[in-house]
Amino acid sequence: VAMAAEEYGYHLGLAYQIIDDVLDFTSASDVLGKPALADVSLGLSTAPVLYASEDIPDLKPMIKRKFKQEGDVEKTLQYVLNSNGVERARQLALFHAQTAVNAICKIPESKERNALVSLAHIVLSRKS
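This report concerns the structure included in the present document.

Each value, and the rule that gives it
- All residue numbers refer to positions counted from 1 along the written sequence of the respective chain.
- Local features in this predicted model are restricted to residues of pLDDT 70 or higher, and side-chain atom pairs are both shown and tallied only at a pLDDT of 80 or more, whereas totals for entire chains, interfaces and linings draw on every residue.
- Side-chain numbers come from the whole structure's heavy atoms, not from hydrogens or water.
- For the purposes of this entry, the term helix denotes a DSSP run of H or I that reaches at least four residues, the term strand denotes a run of E that reaches at least two, and both are numbered from the N terminus.
- Classification of residues uses two cut-offs on accessible area relative to the type maximum, computed with a 1.4 Å probe and protein chains only: under 20% is buried, over 50% is exposed, and between them is partly exposed.
- Contacts were defined at the residue level, with two residues in contact if any of their heavy atoms lie within 4.5 Å.
- The Shrake-Rupley method, run with a 1.4 Å probe sphere, supplies the accessible areas, and residue values consider only the shown protein chains as cover.
- Charge counting follows a simple rule: Lys and Arg are positive, Asp and Glu are negative, and His as well as the terminal groups are ignored.
- The atoms used to mark charge sites are NZ of Lys, CZ of Arg, CG of Asp and CD of Glu.
- By definition here, a salt bridge exists when the distance from a side-chain nitrogen of Lys or Arg to a carboxyl oxygen of Asp or Glu is within 4 Å.
- In summary, the pairing rule links any two rings of Phe, Tyr or Trp, Trp by its six-membered ring, whose centres are within 6.5 Å, and it sorts them by plane angle into stacked for under 30 degrees, edge-to-face for over 60 and tilted for everything else.
- In our convention, an over-ring charge means Lys NZ or Arg CZ found within 6 Å of a ring centre and within 35 degrees of that ring's normal.
- Each nonpolar core is a collection of buried residues, namely Ala, Val, Leu, Ile, Met, Phe, Trp, Tyr and Cys, held together in the definition by side-chain atoms within 4.5 Å.

For the protein, the helix and strand inventory stands at 8 helices and 0 strands. Starting at the N terminus and walking to the C terminus, you meet the elements of the protein as α-α-α-α-α-α-α-α. In terms of overall dimensions, the protein has a C-alpha envelope of 55 × 30 × 20 Å along the principal axes. Classification of the 128 residues of the protein by burial places 41% in the buried group. Restricting to contacts in the protein with at least 6 residues of sequence separation, those with at least 24 account for 64%. Put simply, the protein shows about 7,300 Å² of open surface, and 58% of that area lies on carbon and sulfur atoms. Distance between charge centres in the protein, computed from 14 positive and 16 negative side chains, equals 2 Å.

Spelled out as structure tokens, the structure:
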């Protein structure tokens, strides 16, 4: 049970963070409760950015300089939204959520286990 719970928590946490990274590009600041593009503004390269950089080489120098040049944050937003970065990040989150569900399904069925399965679905569908 402990190993199933550990695997569940690990993968659900990754799914949650990746969806958070996606929302940084797709949701308005008032919905998120934090400034949009907060991670990029802090110089952080998240899954949508890294996936977009595979198709858009102009992103790589911006990643290396941590988006510190004027216009880098705005260009990154446009590059990510015009690439498959968001969709690929969503697919990665889905993989981790499904892995979490698979892990927790190793324990006997119960209302608690079912609630944890439902939580994985909530993580994937959250808007803020």
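After that view of the structure, there is still more to cover.
Once that is clear, we can look at the pattern of salt bridges. Inspection of every chain in the model, using the stated rule, returns 4 salt bridges. Close ionic contact of E7 with K106 constitutes a salt bridge, the shortest N to O distance being 3.2 Å. Taken as a pair, E7 in helix 1 (residues 2–26) and K106 in the loop between helix 7 (85–104) and helix 8 (111–125) lie far apart in primary sequence, 99 residues in all. Across the pair R126 and D20 runs a salt bridge whose closest N-O atoms are separated by 3.4 Å. Residue R126 is found in the segment after helix 8, and its partner D20 is found in helix 1; the two are separated by 106 residues along the sequence. Given a relative accessible area of 13%, R126 falls into the buried group. Residue classification places D20 among the buried residues on the basis of a relative accessible area of 16%.

Once that is clear, we can look at the environment of K64. Along the chain, K64 turns up in helix 5 (residues 59–64). Separated by 21 residues in sequence, K64 and G43 place their C-alpha atoms 9.1 Å apart.

The subject of this paragraph is the packing of aromatic side chains. Under the criterion given, the structure shown has 0 aromatic pairs. Across the ring face of Y16, the terminal group of R126 is positioned such that the distance to the ring centre comes to 3.9 Å.

If you look at the biggest cluster of nonpolar residues, it comprises 21 residues, and the most contacted ones within it are F25, V40, V49, L59, F67, V80 and A89. For this core, the element with the most residues is helix 1, which contributes 5 residues. Discounting residues that sit within four places of it in the chain, V49 has contacts with F25, V40, L59, I63, F67, T76 and V80.

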